[in-house]
Amino acid sequence: MPPKDPKLRLEAVLEEIDMSRSAYYRMRALGKAPKTIKLPNGQIRVRRSDLDAWWAAQELEAA
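For the structure given in this document, a descriptive report is provided here. (Residues numbered from 1 in each chain as written. Predicted model: local features only at pLDDT ≥ 70, side-chain atom pairs only at ≥ 80, totals over all residues. Heavy atoms only, no water.)

**Some details on the pattern of salt bridges**
Moving on, step 1. For the structure on display, the rule yields five salt bridges.
Moving on, step 2. Its salt-bridge partner being R21, residue E11 comes within 3.1 Å of it at the nearest N-O pair. Residue E11 is found in helix α1 (residues 10-17), and its partner R21 is found in helix α2 (residues 21-29); the two are separated by 10 residues along the sequence.
Moving on, step 3. Given the relative accessible area of 38%, R21 is considered partly exposed.
Moving on, step 4. One salt bridge in this structure joins E16 and R48, with 2.8 Å as the shortest N-O distance. Note that E16 is positioned in helix α1 and R48 in helix α3 (residues 48-62), a separation of 32 residues in sequence.
Moving on, step 5. Its relative accessible area of 33% is what places E16 among the partly exposed residues. (Salt bridge = Lys/Arg side-chain N within 4 Å of Asp/Glu carboxyl O. Helix = DSSP H or I, 4+ residues; strand = E, 2+ residues; numbered from the N terminus. Buried < 20%, exposed > 50% of the residue type's maximum accessible area, 1.4 Å probe, protein only.)

What follows is the structure, encoded as structure tokens:
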């Protein structure tokens, strides 16, 4: 069985990237936020691997 890829709540993602919810949604509208999963109840989740990939892309863009 492959290792689990935790799905993070949006609050945890916002805390990790130190960003407000409104700034995150602006960035998401521009296609520059980590990939998300929208649950049937409307909640947003982010896979840990997608957030890690987003961090790596930010490092590449800054270099």
